[in-house]
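Report on the structure
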Amino acid sequence: SAIFKCAEEEATRHLVRQYDGLKPLVKLLQELKNKQLLAAATGAIWKCTLSPENVKALRELKAVELLVGLLTGQPEEVLVNVAGALSECAKEANNRVTLRKSGGIPPLIGLLTGTNQPLLINVTHAVGACALDAENMVIIDKQDGVRLLWSLLKSPNPQVVSSAAWAICPCIEKAKDAGELVRSFVGGLELIVGLLKSEDQEVLASVCAAIANIALDEENLAVITDHGVVPLLARLTVTIHDPLRKHLAEAIARCCAWGNNRESFGTHFAVAPIVYYLGSPDPLVHRATSRALNQLSRRAENCITMHQEGVVKLLIEMIGSTDEVLQEASASCVSNIRRLALANEKARTAGAA
């Protein structure tokens, strides 16, 4: 119990590992009759897994297999801790395989039907981490896990909603026929687009990330466009919240691939605010922003707006980056702006003559 409380701090987690404290904690996972002791032990392990070095040590101690065995028949206090520990362990590829081979995915999916809020948050994180493995995703799909995650988007708890939306992202990435899977949820696309009206920053960031994945399917992109995704995304562009900026820019870049969406982003005043994302200290924001600007620059009106906001100088700096995606998107955007400028100059010259 003392370790559970103290292990919020990284220094404590390091000390537990350094002085071989993980081994006795794992041994306590077999104390099935003493629920109070089991809750304390699982809680301590959960907090210790917040350090990747501890996750590696726990894998060697076969902790994942023991934790999976505690996913059924335990009080919620224990389940919250077990799900929390597994969600951290599953960030490591080897542990995702162990979790699957130990039969851990079906009971995790089963816990998505509960009402305990901290448990739902931890379980959604765990399912999302498991979904990074394609073989795990097959089981998640068969167990109806994606539909259950989608239903949690209706939760009144913003933490449950955001954790469910984050978990949906790898599910879409790894599902065999993601487009058809998403379309199978009646009202599902309208629901997720509607969440862009949320006031919660984490909900908005996670939903933008999910929309960026959904938009890779042309048919689903057409549907979310009909549900008004463009003006809702455009409304968010004034944000100064970098985690939201990154996923918002990615969503805008991918939504540009349908119909008149590029033009529509311009008419909804989304272009100018995005230019200022290039001033962020986060290189991942730069990458997503350059992709969005490159897509938007395929419309002449958007090029004019970008040029007026001084984007060229910023993009030229980005071309010097070591990130090839950022380099190429920035160069392509500058090229589009330059092409328009040359065409205008040519037209003026012809008119003067």
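To be clear, the structure that these remarks concern was listed above.
In this text, all values refer to a predicted model and were calculated from it rather than measured experimentally.

Reading guide: rules and limits
Residues numbered from 1 in each chain as written. Predicted model: local features only at pLDDT ≥ 70, side-chain atom pairs only at ≥ 80, totals over all residues. Heavy atoms only, no water. Helix = DSSP H or I, 4+ residues; strand = E, 2+ residues; numbered from the N terminus. Buried < 20%, exposed > 50% of the residue type's maximum accessible area, 1.4 Å probe, protein only. Contact = heavy atoms within 4.5 Å. Areas by Shrake-Rupley, 256 points an atom, 1.4 Å probe, with all protein chains shown as cover. Lys, Arg positive; Asp, Glu negative; His and termini not counted. Charge placed at Lys NZ, Arg CZ, Asp CG, Glu CD. 1 Å grid on protein atoms, 1.4 Å probe; cavity = no way out; pocket = protein on both sides within 12 Å on 5 of 7 lines; lining within 4 Å. Points joined across faces, edges and corners; volume = space filled by probe spheres on them. Nonpolar A, V, L, I, M, F, W, Y, C, P; charged D, E, K, R; others polar. Core = buried A, V, L, I, M, F, W, Y, C linked by side-chain atoms within 4.5 Å. Arc of directions from axis to C-beta. Polar contact = N/O pair within 3.5 Å; in protein donor to acceptor, adjacent residues only side chain to side chain. Axes fitted to C-alpha atoms, helices over the stretch in contact; angles between N-to-C directions. Parallel < 35°, antiparallel > 145°, perpendicular 65-115°, else oblique. Left-handed = near helix turned anticlockwise from the far one by under 90°.

**A word on the overall build of the protein chain**
- Secondary structure assignment for the protein chain yields 25 helices and 0 strands.
- Once the C-alpha set of the protein chain is aligned to its principal axes, its extents read approximately 95 × 45 × 35 Å.
- Out of the 353 residues belonging to the protein chain, those deemed buried represent 53%.
- If you take every contact in the protein chain between residues at least 6 apart in sequence, the share linking residues at least 24 apart comes to 71%.
- Surface exposure of the protein chain reaches about 16,600 Å², of which carbon and sulfur atoms provide 54%.
- Mean positive and mean negative side-chain charge positions of the protein chain (36 and 38 charges, respectively) differ by 3 Å.

**What about unusual backbone geometry?**
- The backbone of Asp144 shows a phi angle near 70°, a positive value even though the residue is not glycine.
- Mapped onto the elements of the fold, Asp144 is located in the loop between helix H11 (134-142) and helix H12 (145-151).
- Here Asp144 falls in the partly exposed class, since its relative accessible area comes to 33%.

**Considerations on the layout of surface pockets**
- The volume enclosed by the largest pocket comes to roughly 350 Å³.
- Lining the largest pocket are 18 residues, with Glu173, Lys246, His247, Glu250 and Arg254 sitting closest to its centre.
- If you list the elements that add at least two residues to the lining of the largest pocket, you get helix H13 (158-174), helix H16 (201-214), helix H19 (242-255) and helix H22 (283-296).
- Here the residues of the lining of the largest pocket sort into 10 nonpolar, 2 polar and 6 charged.
- Counted as a void, the second largest pocket has a volume near 270 Å³.
- Contributing to the lining of the second largest pocket are 13 residues, with Lys91, His125, Gly128, Ala129 and Trp166 lying nearest its centre.

**Digging into the nonpolar core**
- Within the largest apolar cluster, 120 residues are counted, with the highest numbers of intra-cluster contacts made by Ile140, Ile224, Leu233 and Phe265.
- With 10 residues, H16 is the single largest residue contributor to this core.

**Digging into the environment of Pro273**
- Along the chain, the position of Pro273 falls in helix H21 (residues 271-275).
- In this structure the C-alpha to C-alpha distance between Pro273 and Val238, which are 35 residues apart in sequence, comes to 5.8 Å.
- Setting aside its immediate chain neighbours within four residues, Pro273 contacts Thr237 and Val238.

**A word on helix H24 (residues 311-319)**
- Listing the buried residues of H24 in full gives Val311, Leu315 and Met318. Looking straight down H24, one finds that the buried residues subtend no more than 50° of arc, so they occupy a single side.

**As for the side chain of Ser297**
- Inspection of the secondary structure puts Ser297 in the loop between H22 and helix H23 (300-308).
- In this structure Ser297 comes out as buried when scored by relative accessible area, which is 3%.
- Side-chain polar atoms of Ser297 contact the side chain of Asn336, separated by 2.8 Å.
- Here Ser297 is in contact with Cys303, Met306, Cys333 and Asn336, once residues within four sequence places are set aside.

**Here we look at the packing of helix H7 (residues 76-89) against helix H10 (residues 117-130)**
- Interaxial distance between H7 and H10 falls to 8 Å at its minimum, and their mutual angle equals 25°. Taken together, H7 and H10 sit at an angle that is classed as roughly parallel. With respect to the hand of their crossing, H7 and H10 are arranged in left-handed fashion. In this structure, H7 contributes Leu79, Val80, Ala83, Gly84 and Ser87 to the contact, and H10 contributes Pro118, Leu119, Asn122, Val123, His125, Ala126 and Ala129.
- Of the residues that constitute the contact of H7 with H10, the class distribution is 8 nonpolar, 4 polar and no charged.

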